[in-house]
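# Geometric and topological summary
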Amino acid sequence: MRKEYTDWPEMDRKWQAEWEKAGLFHKQIDPQKQKLYILDMFPYPSANGLHVGHPEGYTASDILSRYYTMKGWHVLHPMGWDAFGLPTENYALKMKIHPQTATDENVENFRRQIKRFGFSYDWTREVNTTDPDYYKWTQWIFLKLFENDLAYEAKIPINWCPDCKTGLANEEVSDGTCERCGAVIERRNMRQWMLRITKYAERLLSGLDDLDWPEKIKAMQRNWIGKSLGALINFPIVGSDKKVQVFTTRPDTLFGATYMVLAPEHPLLDELVSAQDMDKIRQYRDIVKAKSDLERTSLSKDKTGLATGLFAVNPATKEQIPIYVSDYVLLHYGTGAVMAVAAHDQRDYEFATLFHLPIYTVIEPFQGTWTEDRAFEDEGRMIHSAQFNGLKSSEAIIKIIEWLEENHLGERSIQYKLRDWVFSRQRFWGEPIPIVHCEHCGIVPVPYDQLPLTLPDVPFYETSGTGESPLATIHDWVNTLCPKCGGPAKRETNTMPQWAGSCWYYIRYIDPHNQERLASEEAIRYWLPVDLYIGGAEHAVLHLMYARFWHKFLYDIGVVNHEEPFLRLRNQGMVLAADGKKMSKSLGNVINPDEVLDQYGADVVRMYEMFMGPFDQESLWSTQGIEGVHRFLGKVEALFEQPGSSNQPNAEALKKMHQAIKKVTLDVESMNFNTAISAMMIWVNYLQKMTSIPVTCLETLLRILSPFAPHLTEELWHRLGHRSYLYYETWPTFEEALTKEELIEIPVQINGKLRDKIFVAPGLEEEAIKKAVLESEKAQQCLENATIKKWIIIPDRTINIVI
């Protein structure tokens, strides 16, 4: 007997070289075929390389790509690198090297590791966001946004480390301190570039309805956009001609507003508050500077605030109410001011209790009472609200808005939680923003024919110490001529965020070498949109929201032909270490895929990744589990030790084969990969018991197993004498009639208690079922001397006899 193919990694290398030589996965536009664009979220190539959790999504997408190719689809399946990023920036600063050096090394390692799995990527389409030929078009999109008034400058607060003398991203701040040095961070207003994503808020919201995405992901996006119907209400300030405008979704509580709260940064404070009170507010502002928006608005945090000495007039009750400042109100959210209704908002209740402010109830429950140690926030009946008494609070919202508009006290308003996108970073390692600042001409875009604007080629660089990008210290690069007037000017030194390159990479894949445009019209018409997008749920909001925004903009200017980039989205679950924890270098529980690939080969690792559990749920890595998959593929290979029989399968073998084809087909399409593998294991166990296996069964097994284990199946396919590649073989079909079991088991109950089981052919007529029951020995004993009153028969399921 021939021994098992022991050198699995060698087999991997053999077939990967064959496939590459044949250009097997290289795809061109083919109008005669129906396209299918299957896309992975491309990785950030970190210095640590892959761990075994990373390939889970890639394996799933590869199984689907191979499956649908065998079903006759023209599948596009590319891969590339989202290579700008903070870790590389920090590493370059520490080691005093150019980040491109580290990036190139990391990409090379990632590519090597990913290729070892034998994924059917079209590597001729590889993209890298740090390649000037790529980010030329990222800059082109920015200029188009600028032309359309969707990119603008503003001063907004950023995280500032006084010791490192640099701006920090939110990811670099932990509990209000710098992750690098531990210093308490401050909030500083700095010049930033912004993108008006808010202009697309309604379209981003409504577009979700038609997408085949997980509901939890769509819910997260809807919540992030945060559409609210409410009212803008004006509160006159006592002793001044100024007004404070608030937005509220609960105008039904207006009669219960007993105080107001402004954000500490609100400009009215500097205009109207007395010098003595303003000193206290400035001290409070200094404390607030160190807090992030998330910390300030946390519902669990202790409430803090100050009285301003100012009063406003409640436009409904005409009562004077005090104005406070508190950090839980954000200047850039809503109007930077809120009307506080302590009886009907828990946060307002806690603040009012702390500062001994009045609490007026204006809504009562429809039935019963509520404990007055907390706010009543549910719908109820209006009370103490003048002409609106007795209305349902939901009805009062509309009526009070109408009353406000009639009396010119406020107006109906739709607002969104979504804020404009802070698009610039005070970093070196990002796409340069193609803008020049001229003393005479102001902000001037870099001409399109001068793109790409590349980063300076320097051995290394230092932080600026001022909060500006390190680019600001490279004067030869910063100082330039104005494209408009030719006079001296300075380049924009902020760079784009890492999200920029990932907003449109799926478009570049379809025509990656085009020097004239993002992609040709022909490629856009044929390949877009993406049919299936696979990646982690951690990108539910930012990446997916930003990509949808850019795509809708590109649709508006006629670049793409569809409003949404990703029609179907699926998320993989996280692969945890054996101890149930997230794999982390600091915990020492990371498993390097190179090690398991060296030991088991690609097919074992691929199949185990899919066999651990449902694709969209968390799973634990287990050495015992991977050994089980290894043994299974050894069984598969052992089936081919003897020549297959030329005989046709008998009825039983034919049934088992069609059952396996059906189960694997349906499970692959529904992405239940673990149960598809189970079905193949069951079938292989059956085939092992046969003394002579028909070639038809062996060939069918290789076809349905090939998307999961492409290297071994290719090897065995060629051992059978074939010269074609399984990648382009036809997926086998099943006949429904041949999947039926010859006999099915039906429980027999008598007066609701299980008394017997009978085996009958599926779909048997009722009279034949009755006859089979009455012929059963057990049933005869139970029915002896009894009169049958009624038969209750559910075909192929249950039989109940009432006596």
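Scroll up for the structure.
Fair warning: this is a prediction, and the values are worked out from it, not measured in the lab. (Residues numbered from 1 in each chain as written. Predicted model: local features only at pLDDT ≥ 70, side-chain atom pairs only at ≥ 80, totals over all residues. Heavy atoms only, no water.)

## Topic: the packing of aromatic side chains
Our working definition: Think of it this way: a Phe, Tyr or Trp ring, Trp meaning its six-membered ring, pairs with another when their centres are within 6.5 Å, and the plane angle makes it stacked under 30 degrees, edge-to-face over 60, tilted otherwise. Lysine NZ or arginine CZ positioned within 6 Å of the ring centre and within 35 degrees of the ring normal marks a charge as sitting over the ring.
Counting across every chain of the model gives 46 aromatic pairs. Here the aromatic cluster, defined as three or more aromatic residues joined through ring pairs, consists of Phe142, Phe146, Trp193, Tyr200, Trp421, Phe423, Trp499, Tyr546, Phe549 and Trp550. Directly above the ring of Tyr152 sits Arg196, whose terminal nitrogen or CZ lies 4.0 Å from the centroid. Looking at Arg491, its charged tip hangs above the ring of Trp477, at a distance of 5.7 Å from the centre.

## Some remarks on the nonpolar core
What counts is decided by this rule: What is meant by a nonpolar core is a set of buried Ala, Val, Leu, Ile, Met, Phe, Trp, Tyr and Cys residues, joined one to another through side-chain atoms within 4.5 Å. Only protein chains enter the accessibility calculation, which uses a 1.4 Å probe. A residue is then buried if its area is under 20% of the maximum for its type, exposed if over 50%, and partly exposed in between. Helix and strand assignments follow DSSP, with helices taken as H or I runs no shorter than four residues and strands as E runs no shorter than two, numbered in order from the N terminus. Contacts: residue pairs with any heavy atoms within 4.5 Å of one another.
Residues Phe142, Trp550, Trp621 and Phe708 are the most contacted members of the largest nonpolar core, which totals 171 residues. Per element, the largest residue contribution to this core is 10 residues, and it comes from helix H22 (residues 673-688). Those residues in contact with Phe142 that lie beyond four places of it in its chain are Ala151, Trp193, Leu195, Phe423, Ile433, Pro434, Ile435 and Met496. Core analysis: the next-biggest nonpolar cluster, separate from the first, contains 40 residues, Val244, Val246, Ala316 and Met339 among them.

## Here's the deal with the sheet that holds strand E3 (residues 151-161)
The condition that has to hold: At least two DSSP bridges between two strands are required for those strands to pair. The axes used here are C-alpha line fits, helices contributing only the stretch in contact, and every angle between their N-to-C directions lies in the interval 0 to 180 degrees.
The strand order E4-E3-E7-E17 describes an open sheet built from four strands, whose pairing is antiparallel. What marks the edges here is a single partner per strand, and that holds for strand E4 (166-168) and strand E17 (421-422). Relative to strand E7 (residues 186-195), E3 runs antiparallel, the two being bridged by 10 bridges. Bridge assignment links Ile156 to a residue of E7, and that residue is Met190. Running over the sheet, helix H5 (residues 132-147) touches E3 and E7 and is turned about 90° from E7.

## What to know about a negative patch on the surface
Formally: Exposure above 30% relative accessible area and no salt bridge define the residues that can form patches, which grow by joining like charges within 9 Å and nonpolar side chains of Val, Leu, Ile, Met, Phe, Trp and Tyr within 5 Å. Per-residue and other accessible areas follow the Shrake-Rupley method at a 1.4 Å probe size, with only the shown protein chains counted as cover for residues. Salt bridge, as used here: a side-chain nitrogen of Lys or Arg that lies within 4 Å of a carboxyl oxygen of Asp or Glu. We count Lys and Arg on the positive side and Asp and Glu on the negative side, and we leave His and both chain ends out. The atom standing in for a charge is NZ when the residue is Lys, CZ when it is Arg, CG when it is Asp and CD when it is Glu.
On the surface, a cluster of negative charge is made up of Glu377, Asp378, Glu379 and Glu395. Mapped onto the fold, Glu395 is located in helix H12 (residues 393-406).

## Observations concerning the environment of Tyr135
Of note, Tyr135 is situated in helix H5. Taking the C-alpha atoms as reference, Tyr135 lies 35 Å from Met610; in sequence the two are 475 residues apart. Ignoring anything within four residues of it in the chain, the contact list for Tyr135 reads Phe84, Thr129, Thr130, Glu431, Pro432, Pro452, Leu453, Thr454 and Leu455.

## Considering the pattern of salt bridges
Under the counting rule described, the total for this entry stands at 45 salt bridges. One salt bridge connects Asp122 with Arg125, and the closest N-O pair in it is separated by 3.0 Å. Given the relative accessible area of 2%, Asp122 is considered buried. On the accessibility criterion, Arg125 (6% relative accessible area) is buried. Look at the salt bridges and you will find they share partners, linking Arg203, Arg548, Lys552, Asp556, Glu563 and Glu564 into a network.

## Looking at the packing of helix H7 (residues 215-225) against helix H17 (residues 542-556)
Basically, it comes down to this: We call two directions roughly parallel when the angle between them is under 35 degrees, roughly antiparallel when it is over 145, roughly perpendicular when it lies between 65 and 115, and oblique otherwise. Residue classes follow a fixed rule: Ala, Val, Leu, Ile, Met, Phe, Trp, Tyr, Cys and Pro count as nonpolar, while Asp, Glu, Lys and Arg count as charged, and any other residue, Gly among them, counts as polar.
Contact geometry of H7 with H17 gives a least axis separation of 10 Å together with a crossing angle of 70°. Between H7 and H17, the interaxial angle falls into the category roughly perpendicular. Across the interface between the two elements, Ile217, Gln221, Trp224 and Ile225 from H7 touch Leu542, Leu544, Met545 and Arg548 from H17. For the contact of H7 with H17, the per-class residue count stands at six nonpolar, one polar and one charged.

## Brief notes about helix H21 (residues 651-669)
Note: α-helices contain 3.6 residues per turn, so residues at a spacing of three or four share the same orientation. Heads up, the rule is: One less than the number of residues in a helix, times 1.5 Å, gives the span that helix is expected to have. Any pair of N or O atoms that falls within 3.5 Å is considered a polar contact. Within protein, one atom must be able to donate a hydrogen and the other to accept it, and sequence-neighbouring residues count only if both atoms are side-chain atoms.
With 19 residues, H21 ought to run about 27 Å at 1.5 Å a step, and its terminal C-alpha atoms sit 27 Å apart, in line with that. Contact partners of the buried residues in H21: helix H2 (55-70), H22 and helix H23 (695-705). The backbone nitrogen of Glu652 lies 3.2 Å from a side-chain oxygen of the residue at the head of H21, namely Asn650. Following H21 by one or two positions, Met671 adopts a phi angle in the positive range, close to 60°.

## Digging into the packing of helix H20 (residues 623-638) against helix H24 (residues 710-719)
Where H20 contacts H24, the two axes come as close as 11 Å, and the packing angle between them is 10°. Considering the angle they form, H20 stands roughly parallel to H24. The segment H20 lies against H24, with Leu633, Val636 and Glu637 engaging Leu712, Leu716 and Arg719. Per-class residue counts for the contact of H20 with H24 are four nonpolar, no polar and two charged.

## Quick notes on the pairing of strand E1 (residues 35-40)
The buried fraction of E1 is high, at six of six residues. Residue alternation in E1 divides its side chains into two sets, Lys35, Tyr37 and Leu39 and Leu36, Ile38 and Asp40, and both sets are buried. Sheet topology places E1 next to strand E2 (residues 74-76); three bridges connect them, and they run parallel. Along E2, the bridge assignment pairs Tyr37 with Leu76. Across three bridges, E1 lies against strand E22 (residues 532-536) in parallel orientation. Note that in E22 the partner of Leu39 across the bridge is Tyr533.

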